[in-house]
2 protein chains.
Amino acid sequence: MTTEKEQTLIELYWRNATDRVVGPDHGVSEEDLTSVSEAIQQALATVVGQCRRGELGYAALPTHGEYAERVSQLRAKLVGGTTDLVVLGIGGSALGNIALQTALNPATHNLLPAAQRNGPRLFVLDNVDPAWIDDVLCFLDATDPETGRARWQTALFNVISKSGETAETASQFMIFREKLREKLGARFAERVVVTTDAEEGTLRDIAEADGYETLAIPDGVGGRFSVLSPVGLFSAAMCGIDIRDLLKGAAAMQQRVEAQRWPDNPAAMLAAIKYLMYSEKGKGLHVMMPYSNRLSALADWYRQLWAESLGKGMTRDKKQKFVGPTPIKALGATDQHSQVQLYREGENDRLVVFLQVDRHPCAVSVPDVFGDVSGMTYLRGADLGQLLNAEKKATEYALAFSERPSVTIHFDEISPATVGEFIYLYEFTTSLMGELLDVDAYDQPAVELGKQATFALMGREHYEEFARSIRRLVEEDGAFRI
Amino acid sequence: MTTEKEQTLIELYWRNATDRVVGPDHGVSEEDLTSVSEAIQQALATVVGQCRRGELGYAALPTHGEYAERVSQLRAKLVGGTTDLVVLGIGGSALGNIALQTALNPATHNLLPAAQRNGPRLFVLDNVDPAWIDDVLCFLDATDPETGRARWQTALFNVISKSGETAETASQFMIFREKLREKLGARFAERVVVTTDAEEGTLRDIAEADGYETLAIPDGVGGRFSVLSPVGLFSAAMCGIDIRDLLKGAAAMQQRVEAQRWPDNPAAMLAAIKYLMYSEKGKGLHVMMPYSNRLSALADWYRQLWAESLGKGMTRDKKQKFVGPTPIKALGATDQHSQVQLYREGENDRLVVFLQVDRHPCAVSVPDVFGDVSGMTYLRGADLGQLLNAEKKATEYALAFSERPSVTIHFDEISPATVGEFIYLYEFTTSLMGELLDVDAYDQPAVELGKQATFALMGREHYEEFARSIRRLVEEDGAFRI
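Residues numbered from 1 in each chain as written. Chains lettered and ligands numbered in written order. Predicted model: local features only at pLDDT ≥ 70, side-chain atom pairs only at ≥ 80, totals over all residues.

*Asks:* Explain the overall build of chain A to me, using residue names and the numbers behind them.
*Replies:* Secondary structure assignment for chain A yields 16 helices and 14 strands. Taking 2.2 N^0.38 as the reference for a compact globule, 482 residues should give roughly 23 Å; the C-alpha atoms of chain A span a radius of gyration of 24 Å, in line with that estimate. Dimensions of chain A along its principal axes, counting C-alpha atoms only, are 70 × 65 × 60 Å. Looking at chain A alone, contacts between residues at least 24 apart form 77% of all its contacts between residues at least 6 apart. (Helix = DSSP H or I, 4+ residues; strand = E, 2+ residues; numbered from the N terminus. Rg over C-alpha atoms; globule rule 2.2 N^0.38 Å. Contact = placed C-beta atoms within 7 Å.)

Below is the structure:
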């Protein structure tokens, strides 16, 4: 392995996933890596080829300047008059937005006065829970003390859906559009930005009829790979996040994972370890555990990327095979007090991927007090970032001591660039994993049945027979209810 | 099975976990239930006996009126002058507080003006992330536009730790106490409420020296079983949650699970299904998937309860055995667009426990618009609660169709009473599972090593040799970093 330093600011560290630390049953040996070396190199060649031939939509995003340009223009036009940005979207049309906002703005963003925020308050409504929607409707009904006007007057709605027919987003859109029309009359359309297919679909048609500003979801970019498209960029830009740096970070990582050969390629090494852990070492659970609240929502984004891309019921030549590591989100140090008992003493069936921030964005020191309290003196003068990272190292040690493997992804800092790098690293690693597991990483066939069943249960036309067959299988039977 | 209706408002429904729906390989049959019937009855008798003899601390909480009394008195004294309540605690000293607040107050609670909130804003700081702590420090430094005073003047701090030596809580306490002293001078102690051991420990000593109001953490109540003690009750009461109804709900469930015999006892049936799924059907992953944002944080609370209680490395007679189902949090309908692909087509290794709200707290209707848009007409006039529950039923069906088992816990409504019922149901079910898995459900031996390692890495006295041994095992080696 060389240690040649690239231009990127995140790094992969994997010694604690090797046999040297956690033993041969649970750790990856040199021989293990050699055994998959050919498959990895093949996967790498295939995916790099697909990227370069334009076959993987997401690979075009980091260097696609026009999207960022269009988003920035729209931001410049709209940000001034906007106090509240409400994103209507779900799954890939929400998780990236939440991850960027959580990583790159204060946790108190929505609580700050306008002068101290980097943009409007942000609400990403990724569910149809009536209580939650009602909470937000009431919030918008109220007068904003800073402007003296009802928030409807200065709220902006970004509706995100490739087709417009996603039930959750469609129903939310119908509700909020009607309210906006009520409150704003003819000018309601100025307060809606639609992010949808560039050419066709229900939402595109409505956008044209109503006269909304629109942003395009590029062809060939699935929802879970869309965060670096206008899907994720618009809310980020509105909230003051430097989307050019975000894309630059992604582009730097792209360059690195396309150029570097095995075994010096971080995506290839990460995929090799995850694949070996899954296939050879009985580690079906792939935990992501950031030691940083700001990075915590990246773990939710990863959950979708990993589960929908790799959880598949057949190989690419259509042979049945139930496959896919289960992604799990955890948060350090918090989950040391919740999950680590299980991680150390439960079955040895998981790989933990720590995210560590080497230089935290703020310095907070523990004051030099309680000099006479023996249980507390070691904390005097400590920096919280140092404490948090010591806890991470302690957990890494405690897991290793019990032969539980882990890897660490180091973030030099939390910035648009490092977040962009991380996103691209994981997208590319997911593509490699699809090759190694021999599954189609870009479809999601199993989601369709539930959507159809929802249509049937909501009484959509022509679904009557299907509704009956659903009821036959799962209708409630009081004999099984206590 | 009888269907006799009890006084409680939550019910267990399990037909979709039976062989009738998901087949004999993945579903529980009558024979399976018969095979564990004796073990369940034994477990039930044991746990009920422990509860009645006062051996399980948590069992005394629902009917222990004095704690609620003391909490209510303290609330009456403090709520008037308090705009912001900051809880310093982690693990069991935070998860219950967050779960109660999320379930029983609006998602926008902290954004509302004082007149519309049911109590102070609430911040539960369950991590030592410097960025997050700094965000909250800055928020408190600012002037509250409603009072015209810096928020430090009207903030209240509830420090929760049994001993006071939990590193995260201790360091936070040192930071916030010093700030308070700076800002408030001699009267700083009036703005701290300590929840700790009734008699002894570092935090108790400091509370007495500084002169804080205190609340007691009862003996024999571990952190993860403490939500119905002053640990969870104080922040709930401050935020306007009816803690008497909460306790009444818990007491009703307690009466029910202690009185009802197998197989009419919901805790016993839930434990039997979970145990059979884990031990006989290869379902090591126990997902909790509320179809309700308000109930979502109960799934975080459950994660700790389940992982720390059941993830154990030895049986009660000290034989080594790595055991414990892995709890996983999901959220409906959101995670249909993230996890359901994997749940249907990945390995058949999980049981999904849905939480369903039969009557949602708010009614929001989709307006009758877009009559000419074919993909949307079925949504016109729909109630969001009806849509959300149809999505749940659709997912239940899609899982069942792929032979993936599920059970549903029905909440008649979301109220302090049903939340109290649910909490007690799960605590008691956890005790039964401990019996069935033959593990001690009340200790957490594997957490200790990480705590010790943190002491060592932070340079605590007398840990020097241990620090060296940690570095020998897991110190970073640049050859494994790219």
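*Asks:* Provide a residue-level description of the pairing of strand S7 (residues 192-197) of chain A, including the pertinent values.
*Replies:* Residues and elements named next belong to chain A. The element S7 is extensively covered by neighbouring structure, given that 5 of its 6 residues are classed as buried. Two elements, strand S6 (residues 155-160) and S7, share 4 bridges in a ladder whose sense is parallel. Across the sheet, residue isoleucine 160 finds its bridge partner in S7, namely threonine 195. Following the backbone out of S6, through helix H6 (residues 167-184) and into the adjacent parallel S7, one traces a crossover that is right-handed. Where S7 meets strand S8 (residues 213-217), 5 bridges bridge the pair, whose relative direction is parallel. From the neighbouring strand, threonine 196 faces S8, where its bridge partner is alanine 216. As for the winding sense of the linkage, the β-α-β connection from S7 through helix H7 (residues 202-210) to S8 is right-handed. (Buried ≥ 20, exposed ≤ 12 C-beta atoms within 10 Å, placed from the backbone. Pairing = 2+ DSSP bridges. Right-handed = clockwise from strand over helix to strand, strands pointing away.)

*Asks:* Break down the sheet that holds strand S2 (residues 84-88) of chain B for me, citing the residues and quoting the values.
*Replies:* Residues and elements named next belong to chain B. As summarised here, the arrangement of the 5 strands in space is S3-S2-S6-S7-S8, forming an open sheet in which the pairing is parallel. Edge strands, defined here as strands with exactly one partner in the open sheet, are strand S3 (121-125) and strand S8 (213-217). When the angles between neighbouring strand axes are averaged without regard to direction, this sheet yields 20 degrees. Bridge analysis of S2 against S3 gives 5 bridges, and the strand direction is parallel. Bridge pairing links valine 86 to phenylalanine 123 in S3. Against the sheet, helix H5 (residues 130-141) touches S2, S3 and strand S6 (155-160), its axis set at about 150 degrees to S3. (Axes fitted to C-alpha atoms, helices over the stretch in contact; angles between N-to-C directions.)

*Asks:* Account for the environment of alanine 417 of chain B, naming residues and giving values.
*Replies:* All names here are of chain B. Relative to the helices and strands, alanine 417 is located in helix H14 (residues 416-437). Look at alanine 417 and you get buried, because 25 C-beta atoms sit within 10 Å. As a C-alpha pair, alanine 417 and glycine 201 span 216 residues in sequence and 34 Å in three-dimensional space.

*Asks:* Help me get a handle on the interface of chain A and chain B, residues and values and all.
*Replies:* Residue-level contacts link 124 residues of chain A with 125 residues of chain B. Per element, the largest residue contribution to the side of chain A that touches chain B is 14 residues, and it comes from helix H13 (residues 384-401) of chain A. Counted by class, the side of chain A that touches chain B contains 67 nonpolar, 33 polar and 24 charged residues. (Nonpolar A, V, L, I, M, F, W, Y, C, P; charged D, E, K, R; others polar.)

*Asks:* So what about the packing of helix H15 (residues 448-457) of chain A against helix H13 (residues 384-401) of chain B? Which residues, and what values?
*Replies:* Contact pair H15 of chain A / H13 of chain B: the axes reach a minimum separation of 8 Å and the direction vectors enclose 130 degrees. With respect to H13 of chain B, the element H15 of chain A is oriented oblique. Here H15 of chain A and H13 of chain B pass one another in a crossing that is right-handed. Of H13 of chain B, the residues touching H15 of chain A (which contributes Leu449, Gly450, Ala453, Thr454 and Leu457 of chain A) are Ala390, Glu391, Lys393, Ala394, Thr395, Tyr397, Ala398 and Phe401 of chain B. Broken down by class, the residue content of the contact of H15 of chain A with H13 of chain B amounts to 8 nonpolar, 3 polar and 2 charged. (Parallel < 35°, antiparallel > 145°, perpendicular 65-115°, else oblique. Left-handed = near helix turned anticlockwise from the far one by under 90°.)

*Asks:* Go over the relation of the copies chain A and chain B with me, naming the residues and quoting the values.
*Replies:* The transform that puts chain A on chain B rotates by 180 degrees and translates by 0.0 Å along the axis, for an RMSD of 0.0 Å. Such a combination of turn and shift is consistent with a two-fold rotation axis. For chain A, the smallest separation between a C-alpha atom and the rotation axis is recorded for leucine 111 of chain A, amounting to 3.2 Å. Here 100% of the interface residues in chain A have copies in chain B that are interface residues too; the copies meet face to matching face. (Least-squares fit on C-alpha atoms with pLDDT ≥ 70 in both.)

*Asks:* Explain the domain arrangement of chain A to me, and be specific about the residues and the numbers.
*Replies:* Along its sequence, chain A is organised into domain 1 (10-51 + 248-437), domain 2 (65-217) and domain 3 (446-480). Spacing between the C-alpha centres of domain 2 of chain A and domain 3 of chain A amounts to 32 Å. (Domains from an automatic or database assignment.)

*Asks:* Break down the sheet that holds S8 of chain A for me, citing the residues and quoting the values.
*Replies:* Residues and elements named next belong to chain A. As summarised here, the arrangement of the 5 strands in space is S3-S2-S6-S7-S8, forming an open sheet in which the pairing is parallel. Edge positions in the open sheet fall to strand S3 (121-125) and S8, since each of these has one partner strand only. Each strand axis lies, on average, 20 degrees off the axis of its neighbour in the sheet, ignoring direction. Across the sheet, H7 lies against S6, S7 and S8, angled at about 145 degrees from S7, the strand it touches most.

*Asks:* Describe the pairing of strand S1 (residues 10-13) of chain B, with residues and values.
*Replies:* Residue and element names in this part refer to chain B. Side chains Ile10 and Leu12 project from S1 onto one buried face, and the interleaved Glu11 and Tyr13 project onto a second face that is buried too. Summarising the sheet, S1 and strand S14 (residues 406-411) pair through 4 bridges and their orientation is antiparallel. Residue pairing in the sheet places glutamate 11 in a bridge with histidine 410 of S14.

*Asks:* How would you sum up helix H5 (residues 130-141) of chain A? Please name residues and give values.
*Replies:* Given a rise of 1.5 Å per residue, 12 residues ought to cover 16 Å, and the 16 Å separating the end C-alpha atoms of H5 of chain A matches this to within 8%. Buried residues of H5 of chain A: Pro130, Ala131, Trp132, Ile133, Asp135, Val136, Phe139 and Leu140 of chain A, and no others. (Expected span 1.5 Å × (residues − 1).)

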